[in-house]
Each structure stands twice: as structure tokens, then as C-alpha cells.
Amino acid sequence: MASRFQKFPFSLETSLSILAVVSSFCAIGITLYQVYLQRVEHYAGALPYLMVSITNFSEDKTPEYALEVSNKGVGLAKVEKLEIWYKKGKVENESALIRALINNDTVTSRIFSSLWKGRVISPGEQFNWIKLSGPGAQSLRDEMDKGNIQYRILFSSIYDEKWYFNSIAGKRLIEAVGH
């Protein structure tokens, strides 16, 4: 009677064949892992990071106040939406905010704004969002210091991921938006 358990003959050819199959699977695994790492690296290399800074200065004794926006990330940032509140009430745009701040009887101030929906901000780019000079600049500074002016900028990356840049009290400065 033949034994149920026959020994499997390990020859040199069989051992090399098994080794070739195992090394093939290892090579496929390493390749997939490298693709994953490249994707993560490429993704990280395309993330924007917006910052808003405040400058307060005067030339020729004329007060000036500016909010500067800059992209400190390594990817393009596309502005999707801009929201501004003054004393808890939503205002239409920067001009409406300035009109609410400045009394009609004051000297006219110069207003400059270069942030709008659809604007693409390149990495390293810095520009004035609101620049106000004249008598209204001090009013803008005072209201910003009191926290009466709040804003929120919705921006996205080239991968269409979205974030809010908040000045709203109690919110994170940069907040991811779920899809």
C-alpha cells in the first residue's frame, strides 16, 4: 500500500521557481508602494496656505491701513468665496464695509481691493486685499481691533480640496471643508 503522504521532491529548479514567484510579488509590492509615495509627495507639493497680515503705517502724516493676503504654500490657491461681517451683519463687499465705517461728512478715502471670487493666488504671491488711506484708515483699524469686522475666505487647491481662512472668533484659522 502506498503512503498517503509522499515527500515533495525539492530540486534546485523547484526552489528557484518558488524564489522567482516570491521575488516577483515583492517587486510588485515595492512598485505599488513607490507609486503611493509619489502620489503623496505630489499632493503635498500642491497645497496652498493663505495668510492675512495687517500693516499700519502713514506717509506724509496720512494714516494708511492694509490687509495683505499671501500664499505661503507651494501650490496655487483659487478663491472660491469671500464673506465679510461688520458688527455681526453680513456686508456685500469691501466697498460696502468701508461705506459703513466712514461717515459721509469725512474726507474721501482711497480704497484699493484686489481679492475676488475666482482669483488664483500663486505660491509666494503677496498683495493688498484692502488698502485704505485717509481718515477712514483709523476707523478701519479701530473696528478690526475691537473684533467688529470678521471675514472668511474659501479657497481651494488644484485637487479641488477646500479650506476656509477664518478671522471669526472661536474658529480655527485654517479649517478644512468637507465634500
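Quick notes on the rules
Residues numbered from 1 in each chain as written. Predicted model: local features only at pLDDT ≥ 70, side-chain atom pairs only at ≥ 80, totals over all residues. Heavy atoms only, no water. Helix = DSSP H or I, 4+ residues; strand = E, 2+ residues; numbered from the N terminus. Rg over C-alpha atoms; globule rule 2.2 N^0.38 Å. Buried < 20%, exposed > 50% of the residue type's maximum accessible area, 1.4 Å probe, protein only. Contact = heavy atoms within 4.5 Å. Areas by Shrake-Rupley, 256 points an atom, 1.4 Å probe, with all protein chains shown as cover. Lys, Arg positive; Asp, Glu negative; His and termini not counted. Charge placed at Lys NZ, Arg CZ, Asp CG, Glu CD. Salt bridge = Lys/Arg side-chain N within 4 Å of Asp/Glu carboxyl O. pLDDT = per-residue confidence, 0-100. Polar contact = N/O pair within 3.5 Å; in protein donor to acceptor, adjacent residues only side chain to side chain.

Participant: Any details on the overall build of the chain? Residues and values, ideally.
Facilitator: Within the chain, the regular secondary structure consists of 3 helices and 10 strands. Moving toward the C terminus, one meets the helices and strands of the chain in the order α-β-β-β-β-α-β-β-β-α-β-β-β. The C-alpha atoms of the chain give a radius of gyration of 30 Å, which is well past the 16 Å a tight globule of 179 residues would have. Looking at the chain as a whole, 34% of its 179 residues qualify as buried. Pairs at least 24 residues apart make up 58% of the contacts formed inside the chain by residues separated by at least 6 positions. Carbon and sulfur atoms form 56% of the exposed surface of the chain, whose accessible area is close to 12100 Å². Charge-centre separation for the chain: the mean point of 21 positive side chains lies 7 Å from the mean point of 18 negative side chains.

Participant: Explain the pattern of salt bridges to me, using residue names and the numbers behind them.
Facilitator: Summed over all chains, the structure comprises 8 salt bridges. Glu83 is the salt-bridge partner of Lys81, the closest N and O atoms lying 3.9 Å from each other. For Lys81, a relative accessible area of 36% corresponds to the partly exposed category. Exposure remark for Glu83: the relative accessible area of 7% places this residue in the buried category. Across the pair Glu83 and Arg152 runs a salt bridge whose closest N-O atoms are separated by 2.8 Å. One end of the pair, Glu83, is in strand β3 (residues 77-86); the other, Arg152, is in strand β8 (residues 149-156), and 69 residues separate them in sequence. Here the two residues Glu83 and Arg152 agree in accessibility, since each one is buried. Where salt bridges share partners, they join Lys81, Glu83, Lys90 and Arg152 into one cluster.

Participant: Pulling in residues and values, what's your account of the confidence of the model for the chain?
Facilitator: Per-residue confidence for the chain gives a mean pLDDT of 85, with 91% of residues at or over 70. The least confident element of the chain, judged by mean pLDDT, is strand β5 (residues 110-113) at 65; the most confident is strand β6 (residues 120-121) at 94.

Participant: An account of the side chain of Glu83 is needed here, citing residue identities and associated values.
Facilitator: One polar contact links Glu83 to Lys90, side chain to side chain, over a distance of 3.3 Å. A polar atom in the side chain of Glu83 sits 2.8 Å from the side chain of Arg152.

Participant: Now, about the environment of Val120: what can you tell me, with residues and values included?
Facilitator: Along the polypeptide, Val120 turns up in strand β6. By relative accessible area, which is 41% here, Val120 ends up partly exposed. When the C-alpha atoms of Val120 and Leu76 are compared, they prove to be 6.6 Å apart, with 44 residues separating the residues in sequence. For Val120, the residues in contact, after removing those within four places along its chain, are Leu76, Ala77, Lys78 and Glu125.

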